[in-house]
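The chain contents come next:
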Amino acid sequence: MREDATSALPGDPRARRAFVNVLVNTLIANVTTSFLWFALTFWVYIETQSVLATGIIGGAYLLFIAFFAMIFGTIVDRHRKHRVMLLSSVISAVAFLIAGLLYVWQGEAPLLDLGGPWFWVFSAIILFGGVIEQLRNIALSTTVTLLVPEDKRANANGLVGTVQGIAFLVTSVFSGLSIGFLGMGWTLAIAIAAMAVTFAHLLFVRIPENEPEAEPDAKSALDFRGSVRAIRLAPGLFALIIFSTFNNLIGGVYMALMDPYGLTLFDAQMWGFALAFASTGFLIGGGLVAKFGLGPKPMRTMLLVVIAMGLLGSVFMLREWWPLYVVGMWIYMALVPPVEAAEQTVIQKVVPFERQGRVFGVAAAMEAAAAPVTAFLIAPIAEFLIIPYMRTDAGQRQWSWLLGEGEARGIALICLFAGLIMVVAATLAFFTRSYRQLTDLYAKAPDSAPEQAGEQAQDGPMPDPEAPAVPEHAEAEASPASRENRTS
């Protein structure tokens, strides 16, 4: 007999099985889109040697996420999460298929002509297929609320961070190998096949969720007013999003300077392996959160971790030693998942489930826009002001006692001050009213998971002993016809 899609409570075996399936599916999809996007960047740079082209591609990717994220959040709130994930898989697969057909039709030469239209059309199609994956990621964040008990959501968010770390690790290693040994054509074929697998797998996944109720005052594709209303109803939540955005602004400094500094210590091949090793820190950080959670006060945990990140970022370039840099990067990346998990856990608790997609969309938009803005600003400042100054005798005399000697002391000086700014900002956040309000709200807020998604079918499995009890009036309020209508 077909399982009732609304018969599982958070923590129920069916809900746990659904969450594991969604997580695995998201892993494959994230790896695929990141794999193809990075492969495109490698392919374009290897074939054209144009830093401008790769810079435009990378910047456009993040800016597109910033533009579409709030629209994606509205879509997530208005539709069942399973339907949203299917839509994401279909659109990405179709976009990659169109890019593959364009590759076969035009060949490589027109697609690598930066002055012609086909390069930009080809890149934009792959960009669109990759950006659509953000729709699935927002849906995944709300699915944690739907399927995971409140006291285990921090652990679940740690698993989400682990998935993202695996995607980064695989992408770092295999995108270059695929372009080097197989070429762009076979790389596209692999991406198309992998997205088809994610779609086929999703067809057999059941996510217990009712059909979302329509909001008569939110008819536009971009419900910005509803997003703002949801954020304002949780005192201190806007400050959390602003702080995370500011943290990403500082992180943009490291994003802009990490590769140039690494390439002063390693050749290109060894730097790729060093970066792959450092990215395993994501796995460890996410795994620790999945095992131990974030404690009773996720906000406090987040700020303490950000302080540690700032201290680390200010010291791991103080000397031009590759072990110091690689180990520092590894620890820094291990600290990223707790920060991301803390923000998600707080939003999942203090924002009503039916508005979480829009709040996650606003957060994703602001945070995605922050890092490239800083990167675009800091790169010219570093190249034309700080680095030349640190190569002068005056600069070396003033800072050699702290930064030592070497080729990239200008980069080290920038990262030193960026880390210290992060430490000061996180420390001051402890003393703000917003921190106290949000910490108190998190402790007292009721569970935001939708009640009606927790009905238990009579012939279904027994609920988990630790799962919340079914409301006594749940069965009385739900007629057999209404339960059938809510079954996927």
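Scroll up to find the structure this text is about.
Residues numbered from 1 in each chain as written. Predicted model: local features only at pLDDT ≥ 70, side-chain atom pairs only at ≥ 80, totals over all residues. Heavy atoms only, no water.

1. Here's the deal with the overall build of the protein chain
Of regular secondary structure, the protein chain possesses 19 helices and zero strands. Counting the 488 residues in the protein chain, one finds 53% classified as buried. Across the protein chain, contacts joining residues at least 24 apart in sequence account for 85% of those joining residues at least 6 apart. (Helix = DSSP H or I, 4+ residues; strand = E, 2+ residues; numbered from the N terminus. Buried < 20%, exposed > 50% of the residue type's maximum accessible area, 1.4 Å probe, protein only. Contact = heavy atoms within 4.5 Å.)

2. A few points about the environment of isoleucine 331
With respect to the secondary-structure elements, isoleucine 331 resides in helix H13 (residues 322–350). Judged by relative accessible area, which is 34%, isoleucine 331 ranks as partly exposed. Considering only alpha carbons, one finds isoleucine 331 and threonine 280, 51 residues apart in sequence, at a separation of 9.5 Å.

3. Observations regarding the packing of helix H12 (residues 298–315) against helix H17 (residues 433–444)
Where H12 contacts H17, the two axes come as close as 9 Å, and the packing angle between them is 135°. By the angle between their directions, the pair H12 and H17 is classed as oblique. Where H12 approaches H17, its residues Pro298, Met299, Arg300 and Leu303 are matched on the opposing element by Tyr435, Leu438, Thr439 and Tyr442. Residues that form the contact of H12 with H17 fall into these classes: six nonpolar, one polar and one charged. (Axes fitted to C-alpha atoms, helices over the stretch in contact; angles between N-to-C directions. Parallel < 35°, antiparallel > 145°, perpendicular 65-115°, else oblique. Nonpolar A, V, L, I, M, F, W, Y, C, P; charged D, E, K, R; others polar.)

4. Describing the packing of aromatic side chains
By the definition in use, this model includes 17 aromatic pairs. With a centroid separation of 5.2 Å and an interplanar angle of 80°, the aromatic rings of tryptophan 105 and tryptophan 118 are classed as edge-to-face. Here tryptophan 105, found in helix H3 (residues 81–106), pairs with tryptophan 118, found in helix H5 (residues 117–131); they are 13 residues apart in sequence, far enough to count as distant. On the accessibility criterion, tryptophan 118 (30% relative accessible area) is partly exposed. Ring centres of phenylalanine 430 and tyrosine 435 lie 5.3 Å apart, and the angle between their planes is 75°; on these two criteria the pair is classed as edge-to-face. Exposure remark for tyrosine 435: the relative accessible area of 11% places this residue in the buried category. Over the ring of tyrosine 442 we find lysine 349; its NZ or CZ atom is 4.6 Å from the centre of that ring. (Phe/Tyr/Trp six-rings, centres within 6.5 Å; stacked < 30°, edge-to-face > 60°. Lys NZ or Arg CZ within 6 Å of the ring centre and 35° of its normal.)

5. A look at a nonpolar patch on the surface
Together, Val90, Val94, Ile98, Phe199, Leu203 and Phe204 make up a nonpolar patch on the protein surface, roughly 550 Å² of accessible area in all. Ranked by the residues each element gives to the nonpolar patch, the list is headed by H3, at three residues. Assignment of secondary structure puts valine 94 in helix H3. (Patch = residues over 30% accessible without salt bridge, like charges linked within 9 Å, V, L, I, M, F, W, Y side chains within 5 Å. Areas by Shrake-Rupley, 256 points an atom, 1.4 Å probe, with all protein chains shown as cover. Salt bridge = Lys/Arg side-chain N within 4 Å of Asp/Glu carboxyl O.)

6. Observations regarding the packing of helix H1 (residues 13–48) against helix H6 (residues 133–147)
When two helices pack together, their arrangement is captured by the angle between the axes and the distance separating the axes. At a minimum axis separation of 11 Å, H1 and H6 run at an interaxial angle of 160°. With respect to H6, the axis of H1 lies roughly antiparallel. Like other packed secondary-structure pairs, H1 and H6 cross with a definite hand, here left-handed. Of H6, the residues touching H1 (which contributes Ala15, Ala18, Phe19, Val22, Leu23, Asn25, Thr26, Ala29, Asn30 and Thr33) are Glu133, Arg136, Asn137, Leu140, Val144 and Leu147. For the contact of H1 with H6, a count of residues per class yields nine nonpolar, five polar and two charged. (Left-handed = near helix turned anticlockwise from the far one by under 90°.)

7. A closer look at helix H8 (residues 183–202)
Helix length check: H8, at 20 residues, gives a terminal C-alpha distance of 29 Å against a target of 28 Å (1.5 Å per residue), a fit within 8%. For H8, the set of buried residues is Gly183, Met184, Thr187, Leu188, Ala191, Ala194, Met195, Thr198 and Leu202. Projected down its long axis, H8 carries its buried residues within an arc of 165°, all on one side. (Expected span 1.5 Å × (residues − 1). Arc of directions from axis to C-beta.)

8. Structural notes on the pattern of salt bridges
Scanning the entire structure with this criterion turns up six salt bridges. One salt bridge connects aspartate 77 with arginine 358, and the closest N-O pair in it is separated by 2.7 Å. Taken as a pair, aspartate 77 in helix H2 (residues 51–78) and arginine 358 in helix H14 (residues 356–390) lie far apart in primary sequence, 281 residues in all. Comparing aspartate 77 with arginine 358 shows no difference in burial state: the two are buried.

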